[in-house]
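Spelled out from the first residue to the last, the chains are:
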Amino acid sequence: MPRPILATIDSAAIAHNLERARSATRDANARLWAVIKANAYGHGIERIYAGLSGADGLAMLDFDEALRVRALGWTQPILMLEGCFGVDDYATVFAHNLTVVIHQFEQIDWLRSAVSQFGYTGRVDVYLKLNTDMNRVGLSATDFASAHEQLLNMPVVAHISLMTHFANADLEAGADSAWRQFGQVSAPILECQPQTECCLSNSAAVLSAPVTHGQWVRPGIMIYGGSPFADKSAADCGLRPAMTLSTRVIATRSIAAGQAIGYGSSFVAPHDMRIGVIACGYADGYPRHAPDGTPIVVAGVRTRLIGRVSMDMMMVDLTPIPNAQIGTEVELWGAQLPIDEVAQAAGTIGYELMCALSNRVPVQVLPL
Ligand SMILES: *Cc1c(COP(=O)(O)O)cnc(C)c1O
């Protein structure tokens, strides 16, 4: 009998959340880059592919992920969010018709070199990225126009779109300043080239920002049914969880008041209690730093983690579920327990928990 842990991916939830992203933009013509970096936020690109048919393009940053998407038969646009890491990457860009972000001058130089080195006579679409409040990657406001000018004069470049990435769109009015900076820098370009397309919004901006989004948006977390906000649940955003992580009770025991549980004896029973051992640990991707009290659902009833998370097991309080026994179903996060609540208890965000799902966890995909 296999260890009872299982992740279930709900294809219909992915499709629903994409549709939700589309309606949230309040622009029937807005097009969606579904962000599927980090192996679709841990869900598995191949596993969620069926649910992605409503997307207009797929965005990621690993070139091998782009190749996997093409191998699945995706013929629509693919956006490489960090662009090329060197000259050679352009060979992949040319061969597979990828759209690349240009966030620094070196990437323009590499493109020139690649054209002559590979004798490329086709064209590529590029996304020129402005740095706003993030100060991570992106051209400065002073360099933006000259980078645009260089690209305009390169025969290899087909369409040039303009983008930025919000640092604070999950906060009240957090995107306003970046949105204004983008507006100022892009205005002269849009005046000369009014057909130029723009792309600004991540999930938080799609769901909240009173900004105009441009022709394309880039939702990520919301597609998987996670909330981008600390103070607003995914359900309140109209989203459905795409992943449910479940397991079962594999042992139960009764302990007396004063007895400790797990490594470090960090939890001491305040009274006689019955506990369950469940088959999930940090080697499955569950956060080891999740404290006592982190919510867990057993047989549909909310209870709590007690003691330190071990590699392959952890313990739960069975006080509210007296009938629980070996084989009783447990949900770590998903349909009954929002991943964001677990993340919050563990001092992190749903994004990190999703991405950390370990390879050893078997995955079942519910078809559309
Ligand atoms: C990850 C990412 C997104 C998606 O962000 P979410 O918060 O998951 O919606 C959009 N744009 C860029 C550049 C990203 O790196």
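The structure reproduced in this document is the subject of the present report. (Residues numbered from 1 in each chain as written. Predicted model: local features only at pLDDT ≥ 70, side-chain atom pairs only at ≥ 80, totals over all residues. Heavy atoms only, no water.)

This next bit is on the packing of aromatic side chains. Counted under the stated rule, the structure contains 10 aromatic pairs. Pairing tryptophan 33 with tryptophan 216 gives two aromatic rings, centres 4.4 Å apart and planes at 25°, and the pair type is stacked. With tryptophan 33 in strand β2 (residues 31–35) and tryptophan 216 in strand β9 (residues 216–217), this pair connects stretches of sequence that are 183 residues apart. Residue classification places tryptophan 33 among the buried residues on the basis of a relative accessible area of 1%. Judged by relative accessible area, tryptophan 216 falls into the buried class, the value being 6%. Members of the aromatic cluster, each reached through a chain of ring pairs, are Tyr90, Phe94, Phe118 and Tyr120. (Phe/Tyr/Trp six-rings, centres within 6.5 Å; stacked < 30°, edge-to-face > 60°. Helix = DSSP H or I, 4+ residues; strand = E, 2+ residues; numbered from the N terminus. Buried < 20%, exposed > 50% of the residue type's maximum accessible area, 1.4 Å probe, protein only.)

The next subject is the packing of helix α6 (residues 105–118) against helix α7 (residues 141–152). Two elements in contact, α6 and α7, have axes whose closest approach is 11 Å; the angle formed by their N-to-C orientations is 10°. Taken together, the axes of α6 and α7 lie roughly parallel to each other. Residues Phe105, Ile108 and Arg112 of α6 lie in contact with α7, whose contacting residues are Asp143, Ser146, Ala147, Gln150 and Leu151. For the contact of α6 with α7, the residue count by class is 4 nonpolar, 2 polar and 2 charged. (Axes fitted to C-alpha atoms, helices over the stretch in contact; angles between N-to-C directions. Parallel < 35°, antiparallel > 145°, perpendicular 65-115°, else oblique. Contact = heavy atoms within 4.5 Å. Nonpolar A, V, L, I, M, F, W, Y, C, P; charged D, E, K, R; others polar.)

Turning our eyes to something else, we now look at the layout of surface pockets. In this model, the largest pocket occupies a volume close to 850 Å³. What lines the largest pocket is a set of 40 residues, among which Asn202, Ile221, Pro228, Ile349 and Tyr351 lie closest to the centre. Elements represented by at least two residues in the lining of the largest pocket include exactly α2 (37–41), α9 (203–208), α10 (339–345) and α11 (350–356). Among the elements that line the lining of the largest pocket, the one with the most residues is α10, at 4 residues. Counted by class, the lining of the largest pocket contains 20 nonpolar, 10 polar and 10 charged residues. Reported here for the second largest pocket is a volume of approximately 450 Å³. Of all the elements in the fold, those that place two or more residues in the lining of the second largest pocket are β6 (124–129), α7 and β7 (157–163). Residues that form the lining of the second largest pocket fall into these classes: 12 nonpolar, 10 polar and 4 charged. (1 Å grid on protein atoms, 1.4 Å probe; cavity = no way out; pocket = protein on both sides within 12 Å on 5 of 7 lines; lining within 4 Å. Points joined across faces, edges and corners; volume = space filled by probe spheres on them.)

Tracing the backbone through its elements, the reader meets alanine 345 in helix α10. Setting aside residues no more than four positions away along its own chain, alanine 345 makes contact with Pro291, Thr294 and Pro295.

Moving on: the side chain of glutamate 331. With respect to the element layout, glutamate 331 can be found in strand β17 (residues 329–333). No salt bridge is formed by the buried glutamate 331; its nearest oppositely charged neighbour, arginine 302, is found at 8.1 Å. A polar contact of 3.2 Å, which involves the side chain of glutamate 331, links it to the backbone nitrogen of glycine 334. (Lys, Arg positive; Asp, Glu negative; His and termini not counted. Salt bridge = Lys/Arg side-chain N within 4 Å of Asp/Glu carboxyl O. Polar contact = N/O pair within 3.5 Å; in protein donor to acceptor, adjacent residues only side chain to side chain.)

With 17 residues, helix α8 (residues 176–192) extends 25 Å from end C-alpha to end C-alpha; this agrees with the ideal 24 Å at 1.5 Å per step. At serine 186, α8 shows its largest bend, some 45°, and a proline, proline 188, comes one to four positions later. Considered for burial, the residues of α8 that qualify are Ala178, Phe182, Val185, Ser186 and Ile189. Turning to α8, the residues buried within the fold contact α7, β7 and β8 (198–199). (Expected span 1.5 Å × (residues − 1). Bend = angle between axes of the 7 residues up to and from the residue.)

Right, let's talk about unusual backbone geometry for a bit. Here alanine 40, not a glycine, exhibits a phi torsion of approximately 55°, which is positive. Positionally, alanine 40 belongs in helix α2. Of note, the phi angle at serine 265 is positive, near 45°, even though the residue is not glycine. One can find serine 265 in the loop between β11 (260–261) and β12 (267–268). Here serine 265 falls in the partly exposed class, since its relative accessible area comes to 43%.

Below, the discussion takes up the environment of valine 298. Summarising the element assignment, valine 298 is placed in strand β14 (residues 295–298). For the pair valine 298 and proline 320, spaced 22 residues apart in the sequence, the C-alpha separation amounts to 9.1 Å. In this structure valine 298 touches Val249, Thr303, Val316, Leu318, Ile321, Ala324, Thr328, Glu329 and Val330, once residues within four positions along its chain are discounted.

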